Amino acid sequence: MRLDIADLTVSLGGRPVVDGAGLTVPEGSFVGLVGPNGSGKTTLLRTVYRSLRPEAGAVLLGGEDVWRLSARESARRTAAVLQDGGGSGALTVAEVVALGRNPHQGLFAREGAEDRSLVASALAQTGMEGYAGRLFGSLSGGERQRVLLARALAQRPRLLVLDELTNHLDIRARFELLELVRTIGITSLAVLHELDLAVRCCDQLVVLSGGRVAAAGPVLNALTPAVLRDVFGVNAVAERHADGVVRVTYHASPLAATTPASGEPGCG
Amino acid sequence: MKAAREARPAPLAAAGLGVVVPVLVVALVLVMLVAACVGSVTVPLAETWRVIAGHVTGDLSGVDPAYDQIVWRYRVPRVILAALCGAGLAVAGVVLQAVVNNPLADPYVLGLSSGASLGAVLVITAGAGAIGGLGVTLAAFLGAMAAIVLVFLLGQQGGQVLPTRLVLAGVAIGYLLLACTSYLQLRANPNELRQVMFWLLGSVAGATWDQLRVVTLVVCLSIAVLLLFGRRLNALATGDEQATALGVDVRTLRIGMLVASSLLTGVLIAVAGGVGFVGLMIPHLVRLAFGVDHRRVLPLAVLVGAVYLVAVDLLSRSVDPPNELPLGIFTAAFGAPFFLWLLRRDSTLGAG
């Protein structure tokens, strides 16, 4: 479902963190939210899953203001995978994923056959079907993120919000996880820290800088050398290589980094 | 990561509620029956049963009046009160630990017991005339409610309840009120002092049927309400942000749970004094044995708490008959070593 954010302003501790930002996530697309630390990415995301009320501006999901919905109504439409959102780790995988059914269950509701089948299919979709009885805390980082993604899918959302989904994962798990989100095909807005991943996996990028949108659009339109220099402070270029994959090449700069070797899995 | 160290499943995590609950209910009934028999005068089980059955059916023919007096007027109310206290304090402990996200929280962490103590001690030492002719029970309840309201006001900011601030405010208010209570104790005469000590350490000896009506109603209602929130408390355990994204109105849930558990605790502390450790220890015991899913922990804590406190009350009057010791001595005497063992067993406690 299409997400429109317009003129969004959020202040934290009297300081505007998001300052008149606007963006659109078209139905069915995967949009990456990128920007340096402190540019307001996570804060903007919090207004989408109804955790932080904006001072001004609107967050419209399918034309409906999410801030007019209750937490429960909103969670039936929008699911979020956040950092450290797994709890203590002492619940089983099935119990963790079943939490995704919470917004669909009333106070007196018990887990029914439909809930169980949705949990099972969410686990299957994320390739975690054999893990239902395992303790969440016993899983590897990549497995945990898949389980949290399964929990989000069990919410049957029409928008997925992902905050640093691939943080702390090894390179292969990063590609696999983002590829998984793409194949699921739900409209997604993801805060991504790494431009390499963002350019390969996103349909569009929104570049935030100081709480404002510095650039937005298809990957190569958004991430111009000028944006890379002015916003990220690196001397770099994003370009489509002969194999059809978009990569960021960093040239000598204080933040120099190597590009990923070709032939890696996912998000081609 | 923090979670990785907790990878062992609880030993009884796989046991279904359909099995465990009936087993615990039977255990509770048995221990309550035994507790109704045993005391300074031991009444045979058959006689005890006849008295109870007689009162339930309304047919008291053939019941020994002396046994009737001991069992029905004196022991049954205290056994029921012990069960209600154990159940209520345990469930309030589970809820508070979840809501303030702190494994060391217990029902008294928010200053309830110090407020209640001050109210009670004020009436005991200054006489009933001190606060408009209130009895100890009502004064304790009002003291507890005044303390919690104060802690709430100090622990919130712009209507947002901040767990850590709440706990710190509770501890600070607790010390403040304790200072007042201690001062009053210093001025008390030995007889009053003994009464104060007994009250502070908790006792169900004074239970009466009149008092039980209100207490039973409040405890059963609060428990019934709190039991509905297991799934939401599980969601809350993923953190405030993630819980919001899972459809939980975190602020409303937190305030609602705090109000319900405070009311429950306030009533219990007013009638039974400061029974310590149950609200801290039973939740951990249940989690260690049955896993952390609140949909299981809440009902199991109710039953385990009830069994535990009935057993402790039984001990408190059978160790040195006909003298009775306050409950708080036993709950803490068992609770403290258990808690230390828990600390050593579970590396996540106190390390996170």
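Everything quoted here is computed from the prediction, not taken from an experiment.

Engineer: What am I meant to see in the overall build of chain A here?
Structural biologist: Across its full length, chain A holds nine helices and twelve strands. For 268 residues, the compact-globule estimate of 2.2 N^0.38 gives 18 Å, and the C-alpha radius of gyration of chain A, at 19 Å, lies within 12% of that figure. Expressed as lengths along the three principal axes of its C-alpha atoms, the size of chain A is roughly 60 × 45 × 30 Å. Split into buried and exposed, the 268 residues of chain A put 47% on the buried side.

Engineer: What am I meant to see in the overall build of chain B here?
Structural biologist: From N to C terminus, chain B includes 14 helices and two strands. Its C-alpha atoms give chain B a radius of gyration of 21 Å, near enough to 20 Å, the size a compact globule of 352 residues would have. Taken along the three principal axes of its C-alpha coordinates, chain B extends 65 × 50 × 35 Å. Residues classed as buried in chain B amount to 49% of the 352 residues present. A separation of at least 24 residues holds for 75% of the contacts in chain B among residues at least 6 apart in sequence.

Engineer: For this particular structure, what's the right way to read the environment of Val34(A)?
Structural biologist: Residues and elements named next belong to chain A. By the element assignment, Val34 lies in strand β3 (residues 30-34). Taking the number of C-beta atoms within 10 Å as the measure of exposure, Val34 has 28 and is therefore buried. Taking the C-alpha atoms as reference, Val34 lies 18 Å from Glu179; in sequence the two are 145 residues apart. Excluding its chain neighbours within four sequence positions, the residues that come into contact with Val34 are Leu192, Leu195, Ala198, Leu205 and Val207.

Engineer: What is the right way to look at the nonpolar core in this model?
Structural biologist: All names here are of chain B. Counting residues in each nonpolar core, the largest one holds 196 residues, and the members touching the most others are Ala83, Val91, Ala301 and Val310. In terms of residue count, helix α3 (residues 65-99) provides more of this core than any other element does, 20 residues in total. Among residues more than four places away in sequence, those in contact with Val310 are Val31, Met32, Ala35, Val79, Ala82, Ala83 and Gly86.

Engineer: Mind showing me how you'd approach helix α5 (residues 141-154) of chain A here?
Structural biologist: All names here are of chain A. Over its 14 residues, α5 extends 20 Å from the first C-alpha to the last, a length consistent with the 20 Å expected when each residue adds 1.5 Å. Burial runs high along α5: eleven of the 14 residues are buried. Buried within α5 we find Arg144, Gln145, Arg146, Val147, Leu148, Leu149, Ala150, Arg151, Ala152, Leu153 and Ala154. Where α5 is buried, its residues contact β6 (78-81), α3 (93-98), α4 (113-125), β7 (159-163) and α6 (171-184). Phi turns positive, to about 50°, at Arg156, one or two residues after α5.

Engineer: Sorry, what's going on with the packing of helix α1 (residues 17-37) of chain B against α3(B) here?
Structural biologist: Axis angle and axis distance: for two packed helices, these are the angle between their axes and the distance between the axes, and together they describe the pair. Residue and element names in this part refer to chain B. One can describe the packing of α1 onto α3 by two numbers: an axis separation of 9 Å at closest approach and a directional angle of 145°. Where α1 crosses over α3, the two elements pack in a sense that is right-handed. Residues Leu28, Met32, Ala35 and Ala36 of α1 form the contact with α3, whose participating residues are Val71, Arg75, Val76, Val79 and Ala83. For the contact of α1 with α3, the residue count by class is eight nonpolar, no polar and one charged.

Engineer: Which parts of the structure should I look at to understand the environment of Arg254(B)?
Structural biologist: For Arg254(B), the position within the fold is in helix α11 (residues 250-272). Setting aside residues up to four positions removed in sequence, Arg254(B) forms contacts with Val99(B) and Val161(B).

Engineer: Looking at this structure, how should I read unusual backbone geometry?
Structural biologist: Trans is the prevailing form of peptide bonds, just as negative phi is the prevailing case for residues other than glycine. All names here are of chain A. For Arg156, which is not glycine, the phi dihedral falls at a positive 50°. When you line up the elements, Arg156 lands in the loop between α5 and β7. Owing to 16 C-beta atoms within 10 Å, Arg156 belongs among the partly exposed residues under this scheme.

Engineer: Would you mind showing me how to read the sheet that holds strand β1 (residues 3-12) of chain A here?
Structural biologist: Across a sheet, strands are paired by hydrogen bonds formed along the backbone, either parallel or antiparallel in direction. Residue and element names in this part refer to chain A. Ordered in space as β2-β1-β4-β5, the four strands form an open sheet in which the pairing is antiparallel. The sheet is open, and its two edges are formed by β2 (15-25) and β5 (64-65), each paired on a single side. The sheet contact formed by β1 and strand β4 (residues 56-61) spans five bridges and is antiparallel. By the bridge assignment for β4, Ala6 is matched with Ala58. The strands touched by helix α1 (residues 41-48) are β1, β2 and β4; relative to β1, the strand with the most contacts, the crossing angle is about 115°.

Engineer: What should I look at first to understand the packing of helix α5 (residues 136-155) of chain B against α11(B) in this one?
Structural biologist: Residues and elements named next belong to chain B. For the pair α5 and α11, interaxial distance at closest approach is 8 Å and the crossing angle is 145°. Crossing geometry of α5 relative to α11 is assigned as right-handed. From α5, Thr137, Ala140, Phe141, Ala144, Met145 and Ile148 reach across to α11, where they touch Ser262, Gly266, Val267, Ile269, Ala270 and Val271. For the contact of α5 with α11, the per-class residue count stands at nine nonpolar, three polar and no charged.

Engineer: Honestly, the interface of chain A and chain B in this entry has me stumped. Any pointers?
Structural biologist: Reports often express the size of an interface as the amount of accessible area lost when the parts come together. Contacts between chain A and chain B engage 31 residues on the former and 23 residues on the latter. Taken together, the elements giving at least two residues each to the side of chain A that touches chain B come down to α2 (71-77) and β6 of chain A. Broken down by class, the residue content of the side of chain A that touches chain B amounts to 14 nonpolar, twelve polar and five charged.

Engineer: Where do I start with the pairing of β7(A) in this structure?
Structural biologist: Strand residues, when the strand is regular, have side chains that alternate between the two faces of the sheet. Residue and element names in this part refer to chain A. Counting buried positions along β7 yields five of five residues, so the element is predominantly enclosed. Of the two faces of β7, the one holding Leu159, Val161 and Asp163 and the one holding Leu160 and Leu162 are both buried throughout. When β6 meets β7, the two strands line up parallel, connected through four bridges. Residue pairing in the sheet places Thr78 in a bridge with Leu159 of β7. Of the strand pairs in this sheet, β7 and strand β8 (residues 188-191) are connected by four bridges, and their pairing is parallel. Its bridge partner being in β8, Leu162 is matched across the sheet by Ala190. With α6 bridging β7 and the parallel β8, this β-α-β connection has right-handed handedness.

Engineer: I keep staring at the sheet that holds strand β9 (residues 204-209) of chain A and nothing clicks. Help me out?
Structural biologist: Residues and elements named next belong to chain A. Taken together, six strands build an open sheet; the order of strands is β6-β7-β8-β3-β9-β10 and the sheet is mixed. Each having just a single partner strand, β6 and β10 (212-218) make up the two edges of the open sheet. Shown here is a sheet whose adjacent strand axes are inclined to one another by a mean of 15°, direction ignored. Examined bridge by bridge, β3 and β8 share four bridges and lie parallel to one another. Residue Gly32 lies in a different strand from β8, and its bridge partner there is Ala190.

Engineer: How do you make sense of the pairing of β2(A) when you look at a structure like this?
Structural biologist: All names here are of chain A. Judged from the eight bridges that link them, β1 and β2 form a sheet pairing that is antiparallel. Residue pairing in the sheet places Ser11 in a bridge with Pro16 of β2. As consecutive antiparallel partners, β1 and β2 are separated by two residues, and within that stretch Gly13 has a phi angle of approximately 60°, a positive value.

Engineer: Just to check I follow, could you spell out the confidence of the model for chain B for this structure?
Structural biologist: Residue and element names in this part refer to chain B. Chain-level pLDDT for chain B is 86 on average; 93% of the residues reach the 70-or-more range. Per-element confidence in chain B is highest for helix α9 (residues 230-236), whose mean pLDDT is 95, and lowest for helix α14 (residues 327-345), whose mean pLDDT is 76. Residue range residues 1-6 is modelled with pLDDT below 50. Its contacts to residues more than four positions away, or to other chains, number 15 contacts. Both confidence scores are given for the complex: pTM 0.88, ipTM 0.89.

Conventions and cut-offs
Residues numbered from 1 in each chain as written. Chains lettered and ligands numbered in written order. Predicted model: local features only at pLDDT ≥ 70, side-chain atom pairs only at ≥ 80, totals over all residues. Helix = DSSP H or I, 4+ residues; strand = E, 2+ residues; numbered from the N terminus. Rg over C-alpha atoms; globule rule 2.2 N^0.38 Å. Buried ≥ 20, exposed ≤ 12 C-beta atoms within 10 Å, placed from the backbone. Contact = placed C-beta atoms within 7 Å. Core = buried A, V, L, I, M, F, W, Y, C linked by C-beta atoms within 7 Å. Expected span 1.5 Å × (residues − 1). Axes fitted to C-alpha atoms, helices over the stretch in contact; angles between N-to-C directions. Left-handed = near helix turned anticlockwise from the far one by under 90°. Nonpolar A, V, L, I, M, F, W, Y, C, P; charged D, E, K, R; others polar. Pairing = 2+ DSSP bridges. Right-handed = clockwise from strand over helix to strand, strands pointing away. pLDDT = per-residue confidence, 0-100.

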